[in-house]
Amino acid sequence: MVAVESIVLAALGWVASPLMTKLLNEGFASVGVDAERKLEEMEKYIVPVMKAVTEEAEGSPHRSEVEGWLLRMKDAYEDAEDALDLLRYHRLRREAEAASSSTRRRIYQLRSSFQESRRMRWVVPVFEGGRDMLSPQKIKLKHRLNKLEKIANQVEKLRAQLGAQPDRTVAPDSRRTISLPPQKVFGRDEDRKEIIRLLKIEPAAGIPIIAIVGRPGVGKTTLAQYVCEQLRSELAGDGRHFDLIVWVHASRNLDTSEIMKKIIQQASTASEPQDPVNPDDVPGMIHAYLRNLDTMVVGDLDWPEELRLKMSTKLNSKMFLLVIDDVWCDGEDHKNNWDALFRCLSRCCCLLGSKILVTSQTDDAPRKIGAAGENIYRLEELREDGFLDLFIHYALPSRGMDSSVREDLEEKCRTIAKKLNKDATAAEIVGETIGMKAAELLRSRDYLRKYLRTIAEKDWSDSQTRALMWSYQHMPAHLQLCFSYCSLYPKGYKFKALELVQLWMAQGFIKPDDQNERMEDVGNDYLEKLVSRFYIHQSHDGYYTLHELLYSLATKVSSGVCLRMEGKKEKIPSTIRHLRIPADKLNENKEEICKLKKLRTLIVAKGESAPSEEENIATGVFNSLQKLRVLVLELNLENLAEFIGEMKHLRVLQVSGTSEFVLLESVSTLFQLEVLEVENASSPPKFLNNLVSLRYLRPPGIADIGKLTSLQGLEYFQVRKERGCELEQLQNLNELRGCLRIDNLENVESKESAIAANLKEKKHLDTLQLVWRDGADSVNSTMDAEILEGLQLPPNLTSLHLDGYRGGRLWPSWPENQTSNVEVLALRRCGMLEELPPMDQLYPSCRSLELSHLSRLKALHTLPPRLRKIAIFRAPFLTFVTKEDLQMRPADKRSIIKDTRKRMPKWFPHQHQESLVRNEREMRNFIAATNGSDSNEASSRKHDERVPAADADITAVRERWLEMHERKMELIYSRRNEAKLLLPSTLTMLWLEGCNITNHALSACLQTLTSLTRLSLVDIRTITRLPSVDAVAKLKALQTLRLRDCWALTSLGGIRSLPRLEDLILIGCPCLAGETASLPSSLRSIHSESCANVDAILTNADLPRLSRLMITRCRMRAALLKFGNLRSLRSLIIEHCPGLSSLADVQKLRSLKFLILHNCSNLQEVMNLPGSLKSLGIRGCPILEAQSVDVDPRSRVRMLGGIPVEDNFETCSVM
């Protein structure tokens, strides 16, 4: 165990650093004292002596004196910092009062001035040549600075006692970025191979648990990550074993609900396609909403049964690997919770072969949770040569030294490595610390040898964390503070970069060397350095976490300063400055918290139960915590707002909760507030524009927001016809960055107002969304065009969205340099836009283009040359046709036009009636516009008179739709000029929805798309067949094909020649002729819904790689469903197919693991279930259930052919 003195000295060492001289420098400058010479001497001599004394104190009999001196200096440092901060607060307050024009504020200012004049009787001499009036705040600051300086100078006495000498040989810490080699894994290839072997063993039943066990720091987590990396590389290939890999962190504070939530969130993100969704596609919108809802609102699910059902939905029909890092099983409660989790997992409709991989520090925990002895892998120490390679990789520069010097230095590294107990984490961190210093000393080999020799003489043999402590002590003081602060959050907590930086800023940890540097940029630099030193880990999803050993280190070095209270009752030391506490523990710790007069951080987290007496908590606790800099409430406490006004040091205020949080006017006096984020906030009070330090605001809506010139994060700005809400408010907000949405631009009254917004000066914005809310298609607004012209774009814009623009043919003449960097362009609801501007000239860098609800768009001329994604939604006048179409013989044209009528089946579903009515209205408008009618409104009125009501007979509705469809097709094939869809060969995703394209035009546009991976055709009623084999064969990269509501489609053309097609989605294609369809053998997943003759496709199908098949609401020619070569099929779902009476040849499906039969009302028999089947779900099949499903008399479980039958399952609507 690390000696107590090492921890205390390490925890306090930061104060004996240049941070102290920076504070003294800023403080003396604030009170008008010229202390440059004195501070220069202190930085050159006193600070190095303080560092030497701190290092020498370890193991010295004078250690307690040094600790006492450091404690006194720390208290003095904080007192001086608070005094300086208070001085800054009063300066900001006076500036805000001076800027205010209201009567109430002037009266308040006069009252404040009167009170100030009463205090002005206190004067002190400052300069020898005269006198200066000092406020009480400055007097207090000056006294505290003198006290800090006096304590610092006491170091000379301690130096003499210890005989310490400052080290002049080692260069001071540098801000240079060191270029490190890529991260590698050493000596674990055989371990990885064995774990993967265990994971791929086919189990007899259930979900086996594989465990990696070993002491902390031996590399368990790294090995698990190494395994996942290999398995993920297989996901895209033919040899993949798992469909889904989920990683969660458990730790001793086991919360099975949180683990289930993480499983649901990761499974949702990993398994769902990210195609755009047409806002008019109601089923698609609902599905997309529900899909996103999984990740957004799963945190609100608390009941285990809700979580179980949701998790079952996400894991069904999948072979998954669940990795649980850092498993503990302490006591009966832990064991019961683990049992409950694994029961839930075992009842999921997942495929046999799913596995759970855990890491743990002991054999005991995996055994208790159900791991068999043969599945527990004890991870041994790295072999000596592997560990040495790991250490040298980080400790010595890879270049810049000759072989003889390197050999000498490697020998010293061997000596150091032997003292690290083969601890991989220690090797990385100590090696990185040495490596960064070695890079500085590389030019002076003697110094480098001396440095390594000094380290080699260190004694780290009694503790595996002693080496980490040494590395921490040699880290710059500002990084020590930032790192130790992370201990305030739970183990495994995932930080966002901005979240960390905001907290560090609030505590004053970030000290720019250049005052012109942006604080966030410096904070990000701090974060990058901590990552490069391995103190903080950046995961693949962009979040930041702490390794277990580093988390323990952070907890040790912050003890007495940071406290994270959890389940058990703890005493709160009076030295605590940063506290995290569950809400339900506030009352019982109320008295102790009230004594923490110097508390700087309070995070009230959600507890196991809601706190009682919320009003008393706010009164008794928050009223006494006036030095808070960070206040985070994960629930809403009543009456808190009335005490916030006294928190003059507050920088961060974050409130989340379901109830409304009332922001009182007192909040407007928090002049140092930098982050204000309140969920469910009431209407913002007046004078919030006084918060001149505010950098991040949520929600917006503050009048006169233009005064907040430090603002950097703003969700959106809403233009209103009210004073203080004009577009001109944005004029001076030039620090805004990231994304800005400007709403209600219809309220802008002139081009001059748009120019005054000064968007061209906002160089940090990369995404801009411009929205007009009440734009009607029939209104051609020249004002919109003038406003858009005036809104000159930010220079570094990469994403531009125009929504509701009504400028018609008028397009802004923005300078080319304002649009040349745009990579994402979206045009939505631009109802008067008939053609696009020259896209290749204006947007040469555009990679993604979205055209949505452009109701008058008729042509696409030139597109950006580097385009990779294009999505067109609801452009009913947009038509693509080729010369081949126009030159066809009249008989061929009539054949295409009449083909739909011939093939339209009688069973056309009744639920399509409303779609038919809506689509007929669009076709009438198209016909009227093509024939020269300028009034869509008049056409619509006539249409409304003639179109049958939604409850009319389906036959009449269908007949009228067919009539309009034939007239529309005649007009398309009678055009005078061709209009091709010319797409760049760089395209990887194409989505066409609600526009018009002929068979030849589709074939022509696909000819050059050799990089296309996703093709979606939705609501395209003008194509009757997909392109031929020759045309389709050029789509060599196509992996996903989606055909939805293509009612006239009769043939899949040459689809069989697609060599890499894996996913085929057919929805609402009732005319498709299944008997001629030949599918590619590369398919892995098919989803067929509301299509005809699916049985004809499957009977002769040769799909050896198909693993998932879902059939929904499909009509079959025969009541007997047979299967061709589907030898890899693992999941089969058939639902809402009343015409199905029998499943035959099921025994051919030798890989089938999962079968669901749902709402097949006439299904009578399922013959010869395969022996591979492990999960069978049947519901809503009354004949089958009555004739073939029996109930086991003992277990009362329903059985079919010896297989248990589940009726509590959820089917997926989209695969």
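The following refers to the structure shown. The structure displayed is predicted, hence computed values, not measured ones.

1. A look at the overall build of the protein chain
Link 1 in the chain: On a plain count of helices and strands, the protein chain comes out with 39 helices and 39 strands.
Link 2 in the chain: Here the protein chain, with 1215 residues, has 56% of them falling under the buried criterion.
Link 3 in the chain: Carbon and sulfur atoms make up 47% of the accessible area of the protein chain, which amounts to about 52400 Å² in all.

2. Observations regarding the sheet that holds strand β33 (residues 1142-1143)
Strand pairing in a sheet takes place through backbone hydrogen bonds and is either antiparallel or parallel in direction.
Link 1 in the chain: Strands sit in the order β31-β33-β35 across an open sheet of 3 strands; the sheet is parallel. Sheet topology places β31 (1120-1121) and β35 (1165-1166) at the edges, where each strand pairs with a single neighbour.
Link 2 in the chain: Note: β31 against β33, 2 bridges, orientation parallel. In the sheet register, L1121 faces β33, and the bridge partner there is L1143.

3. So, the sheet that holds strand β4 (residues 355-360)
Link 1 in the chain: The parallel open sheet is built from 5 strands, whose spatial order is β2-β3-β4-β1-β5. At either margin of the open sheet sits one strand with a lone partner, and together these are β2 (244-249) and β5 (376-378). Put simply, the sheet's adjacent strands are angled 15° from each other on average, direction ignored.
Link 2 in the chain: Across the sheet, helix α13 (residues 331-347) touches β1 (209-213), β3 (320-325) and β4, and the angle it forms with β3 is around 165°.

4. Overview of unusual backbone geometry
Link 1 in the chain: With a phi close to 55°, D1019 is a non-glycine residue in the positive phi region.
Link 2 in the chain: On the secondary structure map, D1019 appears in the loop between β26 (1014-1018) and α37 (1029-1032).
Link 3 in the chain: For D1019, a relative accessible area of 14% puts it in the buried group.
Link 4 in the chain: Positive phi is not limited to glycine here, since N1168 has a value of about 60°.

5. Some words on the environment of L1109
Link 1 in the chain: Mapped onto the secondary structure, L1109 falls in strand β30 (residues 1108-1112).
Link 2 in the chain: Distance in space between the C-alpha atoms of L1109 and R1130 is 8.5 Å, their sequence separation being 21 residues.

6. Structural notes on the pairing of strand β24 (residues 989-993)
Link 1 in the chain: Extensive coverage of β24 is indicated by the burial of 5 of its 5 residues.
Link 2 in the chain: Of the two faces of β24, the one holding M989, W991 and E993 and the one holding L990 and L992 are both buried throughout.
Link 3 in the chain: With 5 bridges joining them, strand β22 (residues 869-873) and β24 adopt parallel strand pairing. Bridging from a neighbouring strand, I872 pairs with L992 of β24.
Link 4 in the chain: Bridging between β24 and β26 involves 5 bridges; their strand directions are parallel. Each bridged residue has a counterpart across the sheet, and for L990 the counterpart in β26 is L1015.

7. Side note on the nonpolar core
Link 1 in the chain: Residues L579, L727 and I742 are the most contacted members of the largest nonpolar core, which totals 166 residues.
Link 2 in the chain: Per-element accounting of this core gives the leading share, 4 residues, to helix α36 (residues 999-1006).
Link 3 in the chain: Counting the residues that make up this core, at least three belong to each of domain 5 (562-608 + 620-796) and domain 6 (1073-1206).
Link 4 in the chain: Among residues more than four places away in sequence, those in contact with I742 are F717, V719, L727, L730, L759, L768, Q769, L770 and V771.
Link 5 in the chain: Judged by nonpolar contacts, the second largest core, of 105 residues, contains A395, L546, A554 and V632.

8. Looking at the packing of aromatic side chains
Link 1 in the chain: For the structure on display, the rule yields 14 aromatic pairs.
Link 2 in the chain: An angle of 70° between the planes, with centres 5.1 Å apart, marks the rings of Y489 and F495 as edge-to-face.
Link 3 in the chain: Given the relative accessible area of 3%, F495 is considered buried.
Link 4 in the chain: Clustering of aromatic rings is evident, with ring pairs tying together Y472, F483 and Y535.
Link 5 in the chain: Above the ring of Y226, the side-chain terminus of R192 is found at 4.1 Å from the ring centroid.
Link 6 in the chain: Looking at R1021, its charged tip hangs above the ring of W1047, at a distance of 3.7 Å from the centre.

About the thresholds
In this numbering scheme, every chain counts its residues from 1 along its sequence in written order. Given that the model is predicted, a residue must reach a pLDDT of at least 70 before its local features are reported, and side-chain atom pairs must reach 80 or more before they are shown or counted; all residues, however, enter totals for whole chains, interfaces and linings. Heavy atoms throughout the structure, all of them, feed into the side-chain values; hydrogens and water do not. Strands are runs of DSSP state E lasting at least 2 residues, helices are runs of H or I lasting at least 4, and numbering of each runs from the N terminus. Think of it in three bands: residues with accessible area under 20% of the maximum for their type are buried, residues over 50% are exposed, and the middle band is partly exposed, with areas taken using a 1.4 Å probe on protein chains only. Accessibility throughout is a Shrake-Rupley quantity obtained with a 1.4 Å probe, and a residue counts as covered only by protein chains that appear here. When DSSP finds at least two bridges between two strands, those strands are taken to pair. Helix axes use the C-alpha atoms of the stretch in contact, all axes being lines fitted to C-alpha atoms, and the angles between their N-to-C directions lie in the range 0 to 180 degrees. Should any heavy atoms of two residues lie within 4.5 Å, those residues are considered in contact. Side-chain atoms within 4.5 Å are what join buried Ala, Val, Leu, Ile, Met, Phe, Trp, Tyr and Cys residues into a set we call a nonpolar core. Note: domain ranges come from an automatic or database domain assignment. Side-chain rings of Phe, Tyr and Trp, where Trp is taken by its six-membered ring, are said to pair if the distance between their centres is within 6.5 Å; with planes under 30 degrees apart they count as stacked, over 60 as edge-to-face, and otherwise as tilted. Throughout this description, the term charge over a ring refers to an Arg CZ or Lys NZ atom that lies within 6 Å of the ring centre and within 35 degrees of the ring normal.

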